[in-house]
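# Breakdown of the fold
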Amino acid sequence: GAVVSQHPSWVICKSGTSVKIECRSLDFQATTMFWYRQFPKQSLMLMATSNEGSKATYEQGVEKDKFLINHASLTLSTLTVTSAHPEDSSFYICSARRTGEGEKLFFGSGTQLSVL
Amino acid sequence: GQNIDQPTEMTATEGAIVQINCTYQTSGFNGLFWYQQHAGEAPTFLSYNVLDGLEEKGRFSSFLSRSKGYSYLLLKELQMKDSASYLCGRNNAGNMLTFGGGTRLMVKP
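Summary of the structure given here. The residue numbers shown here count from 1 along each chain, following its written sequence. All chains are assigned letters beginning at A, and all ligands numbers beginning at 1, according to the order in which they are written. Local features are withheld for residues below a pLDDT of 70 in this predicted model, meaning they are given only at 70 or higher, and side-chain atom pairs are given and counted only at 80 or more; totals for whole chains, interfaces and linings count all residues. Only hydrogens and water are set aside; all other atoms, that is, all heavy atoms of the structure, feed into the side-chain values.

## Describing the packing of aromatic side chains
The geometry of an aromatic ring pair is captured by two quantities: the separation of the ring centres and the angle between the planes. Each Phe, Tyr or Trp ring, with Trp reduced to its six-membered ring, pairs with another whose centre is within 6.5 Å; inter-plane angles below 30 degrees give stacked pairs, above 60 give edge-to-face pairs, and intermediate values give tilted ones. Summed over the entire model, instances satisfying the criterion amount to 14 aromatic pairs over all chains. With 5.7 Å between their ring centres and 35° between their planes, B:Phe33 and B:Tyr35 make a pair best called tilted. Of the two residues, B:Phe33 and B:Tyr35, neither departs from the other in class, the shared state being buried. Between the aromatic rings of B:Phe63 and B:Tyr72, the centroid separation amounts to 4.9 Å while the plane-to-plane angle is 15°, which identifies the pairing as stacked. By relative accessible area, B:Phe63 is classed as partly exposed at 23%. Relative accessible area serves as the criterion here: at 15%, B:Tyr72 is assigned to the buried category. Among the aromatic residues, ring-to-ring pairing joins A:Tyr36, A:Phe107, B:Phe33, B:Tyr35, B:Phe45, B:Tyr48 and B:Phe99 into one connected group. Buried residues are those whose accessible area, probed at 1.4 Å on protein chains only, stays under 20% of the maximum for their type, while exposed residues exceed 50% and partly exposed ones sit between those limits.

## Considerations on the sheet that holds strand S1 (residues 4-7) of chain A
Residue and element names in this part refer to chain A. Strands qualify as paired when DSSP identifies two bridges or more between them. Secondary structure follows DSSP: runs of H or I at least 4 residues long count as helices, runs of E at least 2 residues long count as strands, and numbering of each begins at the N terminus. Pairing is antiparallel across the open sheet formed by four strands, whose spatial order is S1-S3-S8-S7. Each edge of the sheet is formed by a strand with only one pairing partner; in this case those strands are S1 and strand S7 (67-73). Ignoring which end each strand starts from, the neighbouring axes of this sheet average 15° apart. Helix axes are fitted to C-alpha atoms over the stretch in contact, other axes to C-alpha atoms as well, and angles between N-to-C directions run from 0 to 180 degrees.

## A word on the sheet that holds strand S5 (residues 53-57) of chain B
Residue and element names in this part refer to chain B. Spatially, S2-S7-S6-S5 is the arrangement adopted by the four strands of the open sheet, whose pairing is antiparallel. Each edge of the open sheet carries a strand with a single partner, namely strand S2 (18-23) and S5. Mean inter-strand twist for the sheet, computed between neighbouring axes without regard to direction, equals 15°. Where S2 lies against strand S7 (residues 70-75), six bridges are found, and the strand directions are antiparallel. Across the sheet, Asn-21 pairs through a bridge with Tyr-72, a residue of S7.

Structure representation (structure tokens):
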């Protein structure tokens, strides 16, 4: 069964609004979670590393003020796309490692964001 | 960057064998992942190689050569359901995982 839950699965919003995506580790604590973005027919691009209790680490080219990451608990990380624009439309997916599973990353089911 | 390179697309016939290659920069390398991803779905784990050699798991096998910065995923007895994208991912220093562009495999009858 799923070990990482992501919600919502899809969202449509108007340009200029903000959208929050949640990523939960279901039966384990995740001090670190990873957020990826994926455009159609392209691979996953790492956006940021979410660290529980501290600031996220963003990859080069990713706007910190636009993609707000909060990792307030050991089982929840959120990604908020602020003032969304049509070019932010993409598939966003989170992942985490589970203790005892080594380096394997478990992925959430992803969120398809469409900005009108 | 990590310079992870893999073919963009491949086509193979049902029942056949296909090999998907992946090359990467060797500096700061910790291990090599392969994931399968069907369109619109989350990637699912296939393999993780740290040491040189071939690891076999049923119809899927993965090979790694650390000195050459090279890996391949071998799929045997192809089935239609194997049509998907196959992502080569590099586990880097700091335990971040970065992916290549993915290889879209189409299995034809």
